[in-house]
Amino acid sequence: MNALRPHDLLWGMTSAMLPDDAPGWALQVLDQGLPVVVRRAGCTQGWVAVGVRGDGRERRYAALMRTQDVTQVASPEQIVARAQLGLAACWPALDALGAVARVLDSSHLAWGPTGGVGYQLATGIEVLHADSDLDLLLRTPQPLARQAARDLLEILDCAPCRVDVQLETPGGAVALREWAGPARRVLLKATNGARLVIDPWAALEWAA
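Everything quoted here is computed from the prediction, not taken from an experiment.

All of the buried residues in helix α4 (residues 115-123) are Gly116, Val117, Gly118, Tyr119 and Gln120. Downstream of α4 by a residue or two, Gly124 has a phi angle that is positive, lying close to 80°.

Here you go:
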């Protein structure tokens, strides 16, 4: 199995794998055979940090899953590759995904939806509503110039709903809006915590 990465959806976790004090709604989610999402957190070898998604933002449950129990993986880029964009786009967030797909494809970088859009496309479970944002991941193994980030954000801000993009660097993730902004330092979210950095692609700053 390839390395599991933040925002990947994983199938194979059952309610019996949750701690005894897990909320009832989390048990019900797993009893339906629904996936969990990989969290950005460290854990011991053979385990992966995951989150169970319920109805509403307040229903999020952090857990650990054994990698040997994973039966299926769907990364954000795999989800968008399989999605029928433009079909049954009944919510602004899905309209936005179809609207920005060509722009992101032209970047020649791997990308895909996370959050509610990614979950709904992967599972068919209706979790979106009229005010849902579109959350995206853009894999940027090489530095993205700040002016290029501003140009991309200007295009994305014309979408039918708010679009939030996480730039996934080798050392962690940084928000496109922050990287396109005026601040000299931006927040890099890494497995070992978050820190302010000047260059999200600089290995020395990851280890600082």
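Structure's up, so let's keep going.
Further remarks concern the packing of aromatic side chains. Summed over all chains, the structure comprises one aromatic pair. The interplanar angle of 65° and the centroid separation of 5.3 Å between the aromatic rings of Trp179 and Trp201 together place this pair among those described as edge-to-face. Linking Trp179 in helix α6 (residues 176-179) with Trp201 in the loop between β11 (193-197) and α7 (203-206), this pair joins segments that are 22 residues apart in sequence. Exposure class is identical for Trp179 and Trp201. Each is buried. The residue whose ring lies beneath Arg53 is Tyr119, and the NZ or CZ to ring-centre distance is 5.4 Å. Over the ring of Trp179 we find Arg146; its NZ or CZ atom is 4.3 Å from the centre of that ring.

An ideal rise of 1.5 Å per residue puts 20 Å on 14 residues; helix α3 (residues 92-105) measures up with 20 Å between its terminal C-alpha atoms. Where α3 bends most, the angle comes to about 35°, and this point is Ala99. Where α3 is concerned, the buried positions are Ala93, Leu94, Ala96, Leu97, Val100, Ala101 and Leu104. Residues of α3 that are buried in the fold lie against α2 (76-82), β6 (111-113), α4, β7 (134-139) and α5 (146-156).

What follows deals with the layout of surface pockets. In this model, the largest pocket occupies a volume close to 1,100 Å³. Around the largest pocket sit 42 residues that line it, and Arg53, Arg60, Gly115, Gly116 and Asp135 are the ones nearest its centre. If you list the elements that add at least two residues to the lining of the largest pocket, you get β2 (36-38), β3 (47-53), β4 (60-66), α2, α4, β7 and β8 (163-169). Counting residues per element, the lining of the largest pocket draws most heavily on α4, which supplies five residues.

Turning our attention to the sheet that holds β2. The five strands lie next to each other as β4-β3-β2-β1-β5, forming an open sheet whose pairing is antiparallel. The strands lining the two open edges of the sheet, one partner per strand, are β4 and β5 (72-74). Here the average twist between neighbouring strands, direction ignored, is 35°. On the sheet, helix α1 (residues 24-31) packs against β2, β3 and β4 and is oriented at approximately 105° with respect to β3. Sheet strands touched by α4: β1 (9-11) and β3. Its angle to β1, the strand with the most contacts, is close to 35°.

This next bit is on the packing of α3 against α4. Running from N to C, α3 and α4 point in directions that differ by 90°, and their axes come no closer than 10 Å. Relative to α4, α3 is oriented roughly perpendicular. On α4, the residues that touch Ala93, Leu94 and Leu97 of α3 are Val117, Gln120 and Leu121. Broken down by class, the residue content of the contact of α3 with α4 amounts to five nonpolar, one polar and no charged.

Rules used in this analysis
- Residues numbered from 1 in each chain as written.
- Predicted model: local features only at pLDDT ≥ 70, side-chain atom pairs only at ≥ 80, totals over all residues.
- Heavy atoms only, no water.
- Buried < 20%, exposed > 50% of the residue type's maximum accessible area, 1.4 Å probe, protein only.
- Helix = DSSP H or I, 4+ residues; strand = E, 2+ residues; numbered from the N terminus.
- Phe/Tyr/Trp six-rings, centres within 6.5 Å; stacked < 30°, edge-to-face > 60°.
- Lys NZ or Arg CZ within 6 Å of the ring centre and 35° of its normal.
- Expected span 1.5 Å × (residues − 1).
- Bend = angle between axes of the 7 residues up to and from the residue.
- Contact = heavy atoms within 4.5 Å.
- 1 Å grid on protein atoms, 1.4 Å probe; cavity = no way out; pocket = protein on both sides within 12 Å on 5 of 7 lines; lining within 4 Å.
- Points joined across faces, edges and corners; volume = space filled by probe spheres on them.
- Pairing = 2+ DSSP bridges.
- Axes fitted to C-alpha atoms, helices over the stretch in contact; angles between N-to-C directions.
- Parallel < 35°, antiparallel > 145°, perpendicular 65-115°, else oblique.
- Nonpolar A, V, L, I, M, F, W, Y, C, P; charged D, E, K, R; others polar.

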